Amino acid sequence: MTLAARLARPEILALPPADIAGAPLPGTVRLDANENPFASLVAGQTGINRYPEPQPAALRQRLADLYGVAPASLWVARGSDDAIDLLIRAFCRPAVDCIAIVEPTFSAYAQFARVQGAGVITARLTAGLMFDADAVLAAVADAAPKLLFLCTPNNPTGTPVAAADVRCIAAALPDTLVVADEAYGEFSGAPSLASEATDNLVVLRTLSKAYGLAGARIGCAIADPSIIELIAKVSPPYPLPTPSIAAALDALGPERMPIHAERVARLLADRDRLAAALATVAEIERIRVGGNFLFLEVADPADLARRLAAAAVRVRFRANAAPGGVRVTVGSEVDNRALLAVFGLGAPSPPNRRADVVRDTKETRIALSVDLDRAEPRHIDSGIPFFDHMLDQVAAHAGFSLTLACSGDLGIDPHHSIEDVAIALGQGLRQALGDKRGIGRFGFALPMDETRAEVLIDLSGRPFAKFNGSFSTAAVGGLPTDMVPHIFRSLADSMGAAIHVSVAGDNDHHQVEACFKAFGRALRSAVALEGKRDSLPSTKGVL
Ligand code: PMP
């Protein structure tokens, strides 16, 4: 008998297996679900007249790959909130069973348990808000909880629970399902326990935090397949809305992953900067960091939360679950400055000229992130290594950070990928420049051995491209030379810029590289913020 069978509510065990068959084969006549046969009247959402797959196979597979587990060990839920609720409903009999939590922690565990009529046994973090496995075991062992929730890093205190502690607790409580909630795992750097989720260890993950999909409501439980089968029985029949499934698959496209990683790194750096700034505030007794948030311990957190709310800054204070402080999410540059201002910390307004672009067509899928005011990181993967090298030259010589990935139809020809990447980069630069205040119009000429290249740029809002030069070979390093003028035309069109390129030389490699370098150098001058940020380099007053 599996542990799941021993622990489950008998009435759930007695239910027939849930039918989570995949999508019908193409050509199937679908008269089984009392759906409306007509396409929806919502633009771009023609498929939503049909019910979604109960467990969308593609998303289940993608999440299984992401977390390094088998699809049968993973249940895709409406956020990890839903996974918590499903577990409690599958295992806890009202008025008989209980769960255990380690307070202060995420309030939903106790909330869902109480709605189910289950008891809640409470262990506590230490007085210093550290995790003490022995103390937890001592507090919960006699109560034989059906589920023990361990949140790592913990919401709201940021406290990590070491993997060794989770394993040791799971071993010490063989009749309890230990649930490791890794909602903030991507921000912790600690390895996930997902691949160890068998027997009495369940792992929860979510796309709400690191992947920026809180509104799509996608999370999952990773567990032994016998537990997944039980969860399936208590889940509503079609839990995931079709647009959310599509959004999750989009967001997890391989070309999106470098940007997710870059954003996590950025939030962590911002978190540490915020913590350092707030450390100077007398009323804040202690700052704890974890996940994408800070926990500010103060004498009167209710009052602090109220004062922040009065300044239109919403933070989280839970008098019951975490009475000792307020939890503050790391926000955007602007949000963080608003928070600091409430404490009288007037951070100088740093330039914030960045843009993210996602551009999907039938031929290419591109995601890029550009920040004109940071030189790092530069991660470029267009699928064409020589083109990557050229774009890296542009970013390096222009002095901006660029994360760019493209999944394109290279099996046909590099044309689509090269053209679309140039368009997307131009869009990103245009977006990042915003109203163009503080920027100039520039040109640059440089030699490269026998070659001379000159690029003139005017960020005029009027696209124009002129290329003077010729190549004697068909391609350089896999980049067709006839694409070089085309790239500058695509950039000019999508940036709204006039770009003049002249190149002369004997060696095509030198010629191509010199064009991109000179373009980078000219861009560096054109996008550099000059002394007065509010002046436009045009007598028209608009560019
Ligand atoms: N677990 C923890 C620890 C959380 O903080 C949250 C949300 N704040 C969740 C789970 C639920 O996340 P979601 O339902 O968005 O996946």
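Above this note sits the structure.
In short, a report on the structure. Keep in mind the model is a prediction, meaning the values are calculated, not measured.

Moving on, we get to the site of the ligand. Not every one of the 14 residues close to the ligand is listed here, only the nearest: S80, N155, D181, T206 and S208. A distance of 2.6 Å separates an oxygen atom of the ligand from a polar side-chain atom of T206. For the ligand, the accessible surface in isolation is 400 Å², of which the surrounding protein chains cover 92%. A total of three residues in the shell around the ligand trace back to one element, the largest contributor, which is helix α4 (residues 79-91). Each residue belonging to the shell around the ligand can be placed in one class, and the counts come to five nonpolar, five polar and four charged.

Looking now at the sheet that holds strand β14 (residues 378-381). Taking strand neighbours across the sheet as the criterion, the four strands line up as β12-β13-β15-β14 in an open arrangement whose pairing is mixed. Edge positions in the sheet fall to β12 (354-360) and β14, since each of these pairs with one other strand and no more. Going across the sheet, the axis of each strand differs from the next one's by a mean of 5 degrees, ignoring polarity. Against the sheet, helix α10 (residues 257-278) makes contact with β12, β13 (364-371) and β15 (401-408), and its axis sits at roughly 25 degrees relative to β13, the strand it touches most.

Moving on, we come to the packing of helix α13 (residues 385-398) against helix α16 (residues 508-527). One way to put it is that α13 packs onto α16 with a least axis distance of 6 Å and a crossing angle of 30 degrees. Classified by the angle between their axes, α13 and α16 sit roughly parallel to one another. When the axes of α13 and α16 are compared, the crossing they make is right-handed. Facing α13, whose interface residues are F386, F387, H389, M390, Q393, V394, A396, H397 and A398, α16 presents H509, V512, E513, F516, K517, F519, G520, R521, L523 and R524.

There is a patch of like positive charges on the surface, built from K209, R314, R316 and R318. Locating R318 in the fold gives a position in strand β10 (residues 316-318).

It is worth spelling out the sheet that holds strand β5 (residues 177-181) at this point. Strand pairing in a sheet relies on backbone hydrogen bonds, with the paired strands running either antiparallel or parallel. Overall, mixed pairing links the seven strands, which are arranged β1-β7-β6-β5-β4-β2-β3 in an open sheet. The sheet is open, and its two edges are formed by β1 (74-77) and β3 (119-124), each paired on a single side. Averaged over all pairs of adjacent strands, the angle between their axes in this sheet comes to 20 degrees, without regard to strand direction. The pairing of strand β2 (residues 98-103) with strand β4 (residues 147-151) spans two bridges and is parallel. Counted as the bridge partner of A100 is L148 from β4. Where helix α6 (residues 133-140) meets the sheet, its contacts fall on β2, β3 and β4, and the angle it forms with β3 comes to roughly 150 degrees.

Right, let's get into the pairing of β3. Pairing between β2 and β3: six bridges, direction parallel. Along β3, the bridge assignment pairs V102 with A123. For the segment spanning β2, helix α5 (residues 108-116) and β3, crossover handedness is right-handed.

On to the environment of V330. Topologically, V330 is positioned in the loop between β11 (322-329) and α12 (333-342). Given the relative accessible area of 6%, V330 is considered buried. Put simply, V330 and P104 are 226 residues apart on the chain and 20 Å apart in space, counted from C-alpha to C-alpha.

This brings us to unusual backbone geometry. In this structure, the amide linkage connecting T152 to the following residue, P153, adopts the cis form with an omega of -5 degrees. Here P153 shows up in the loop between β4 and α7 (163-172). Look at the link from N155 to P156: it is a cis peptide, with omega at 15 degrees. Locating P156 in the fold gives a position in the loop between β4 and α7. With phi around 60 degrees, L129 is a residue other than glycine that occupies positive phi space. For L129, the position within the fold is in the loop between β3 and α6. Although it is not a glycine, R217 sits at a positive phi angle of roughly 60 degrees. When you line up the elements, R217 lands in the loop between β6 (201-206) and β7 (219-222). Judged by relative accessible area, R217 falls into the partly exposed class, the value being 29%.

Criteria and thresholds
- Residues numbered from 1 in each chain as written.
- Predicted model: local features only at pLDDT ≥ 70, side-chain atom pairs only at ≥ 80, totals over all residues.
- Heavy atoms only, no water.
- Near = heavy atom within 4 Å.
- Polar contact = N/O pair within 3.5 Å; in protein donor to acceptor, adjacent residues only side chain to side chain.
- Areas by Shrake-Rupley, 256 points an atom, 1.4 Å probe, with all protein chains shown as cover.
- Helix = DSSP H or I, 4+ residues; strand = E, 2+ residues; numbered from the N terminus.
- Nonpolar A, V, L, I, M, F, W, Y, C, P; charged D, E, K, R; others polar.
- Pairing = 2+ DSSP bridges.
- Axes fitted to C-alpha atoms, helices over the stretch in contact; angles between N-to-C directions.
- Contact = heavy atoms within 4.5 Å.
- Parallel < 35°, antiparallel > 145°, perpendicular 65-115°, else oblique.
- Left-handed = near helix turned anticlockwise from the far one by under 90°.
- Patch = residues over 30% accessible without salt bridge, like charges linked within 9 Å, V, L, I, M, F, W, Y side chains within 5 Å.
- Salt bridge = Lys/Arg side-chain N within 4 Å of Asp/Glu carboxyl O.
- Lys, Arg positive; Asp, Glu negative; His and termini not counted.
- Charge placed at Lys NZ, Arg CZ, Asp CG, Glu CD.
- Right-handed = clockwise from strand over helix to strand, strands pointing away.
- Buried < 20%, exposed > 50% of the residue type's maximum accessible area, 1.4 Å probe, protein only.

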